[in-house]
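A look at the structure
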Amino acid sequence: MDFLDRLLAHDAWTTRQLLLLAQPLTAEQWEQPFDIGHLTLRSTLEHMIFNVETWTALMNGAQNPGEQPTFDGLSPAEFLVRHDAAIAAFMSLAYQVRDAGSWDVLWIDTLDDPPQAKSYGGAIAHVITHNMHHRGEVMHMLHRLGVTDVIEGDVLTWEAASAIS
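Quick look at the structure, then. Keep in mind the model is a prediction, meaning the values are calculated, not measured.

What follows is about the overall build of the protein. A tally of helices and strands in the protein yields 6 helices and 2 strands. Going from N to C terminus, the protein has its helices and strands arranged as α-α-α-α-β-β-α-α. Here the C-alpha atoms of the protein give a radius of gyration of 16 Å, agreeing with the 15 Å that 2.2 N^0.38 yields for 165 residues. Within the span of the protein, comprising 165 residues, buried residues form 41% of the whole. Long-range pairs, those at least 24 residues apart, make up 69% of the contacts in the protein between residues at least 6 apart in sequence. Accessible surface, the protein as shown: approximately 8300 Å² in total, 57% of it carbon and sulfur.

Our next topic: empty space enclosed by the protein. If a probe the size of a water molecule is rolled over the atoms, the empty space left behind becomes visible. Taken as a whole, this structure holds 1 cavity of 30 Å³ or more when the rule is applied. Counted as a void, the largest cavity has a volume near 50 Å³. Around the largest cavity sit Thr15, Met48, Ile49, Val52, His83, Ile87 and Asn131, which together line it. For the lining of the largest cavity, the elements supplying multiple residues, two or more each, are helix H3 (41-59) and helix H4 (76-100). Here the lining of the largest cavity is composed, by residue class, of 4 nonpolar, 3 polar and no charged.

The subject of this paragraph is unusual backbone geometry. Residue proline 114 is bonded to the preceding aspartate 113 through a cis peptide linkage, with omega at 5°. In this structure, proline 114 sits in the loop between strand S1 (106-109) and strand S2 (116-119). Positive phi, normally seen in glycine, also occurs at leucine 39, with a value near 80°. Position of leucine 39 relative to the elements: it lies in the loop between helix H2 (27-31) and H3. A positive phi angle, near 60°, is found at aspartate 149, a position not held by glycine. In this structure, aspartate 149 sits in the loop between helix H5 (120-144) and helix H6 (155-161). Classification of aspartate 149 by relative accessible area gives exposed; the value is 67%.

Before going further, it helps to examine the packing of aromatic side chains. Overall, the coordinates contain 3 aromatic pairs when judged by the stated rule. The rings of Trp55, Trp107 and Tyr120 are connected pair by pair, giving a single aromatic cluster.

The next point concerns H3. Its 19 residues give H3 an end-to-end C-alpha distance of 27 Å, which sits within 8% of 27 Å, the value for a rise of 1.5 Å per residue. With 16 of 19 residues buried, H3 lies mostly within the body of the structure. Looking one or two residues beyond H3, the residue adopting positive phi is glycine 61, at roughly 100°.

The next subject is H5. Helix length check: H5, at 25 residues, gives a terminal C-alpha distance of 36 Å against a target of 36 Å (1.5 Å per residue), a fit within 8%. Where H5 ends, the next residue or the one after it, glycine 146, has phi of about 85°, a positive value.

Reading guide: rules and limits
- Residues numbered from 1 in each chain as written.
- Predicted model: local features only at pLDDT ≥ 70, side-chain atom pairs only at ≥ 80, totals over all residues.
- Heavy atoms only, no water.
- Helix = DSSP H or I, 4+ residues; strand = E, 2+ residues; numbered from the N terminus.
- Rg over C-alpha atoms; globule rule 2.2 N^0.38 Å.
- Buried < 20%, exposed > 50% of the residue type's maximum accessible area, 1.4 Å probe, protein only.
- Contact = heavy atoms within 4.5 Å.
- Areas by Shrake-Rupley, 256 points an atom, 1.4 Å probe, with all protein chains shown as cover.
- 1 Å grid on protein atoms, 1.4 Å probe; cavity = no way out; pocket = protein on both sides within 12 Å on 5 of 7 lines; lining within 4 Å.
- Points joined across faces, edges and corners; volume = space filled by probe spheres on them.
- Nonpolar A, V, L, I, M, F, W, Y, C, P; charged D, E, K, R; others polar.
- Phe/Tyr/Trp six-rings, centres within 6.5 Å; stacked < 30°, edge-to-face > 60°.
- Expected span 1.5 Å × (residues − 1).

What follows is the structure in structure tokens.
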């Protein structure tokens, strides 16, 4: 297993574990305001999933992937489905970039004003570290909501849980 495999699998697994922990929460808990992240568990998770969808679309050449939609009405189970689809598409793109040796190839981010050139490697690293940042906020929210057994979310915990050695 190479380094990218580890980073992507950890990223996907850890966010998925947090979404699984959030499944039994009430609608009120999903909407409870906090003083971190995007203010609610729902909004922070929306932002994380949409971020993966948007960066993947941009790196795949989409000229205007659109504004962040609201996930209002989506159940916790539907968040999980949306995350799984978004991260699968992102992972596929990252593997294509790795296999082509295109880490330093530039693409145009059309959401920047004016549009800016970015490297595939930089953008992929950005998505992974962005997710990590917001997962920390989600973990904090889950703790404050009284959820027990919130994972630490580090790579070595993922590796042990996945029996990777």
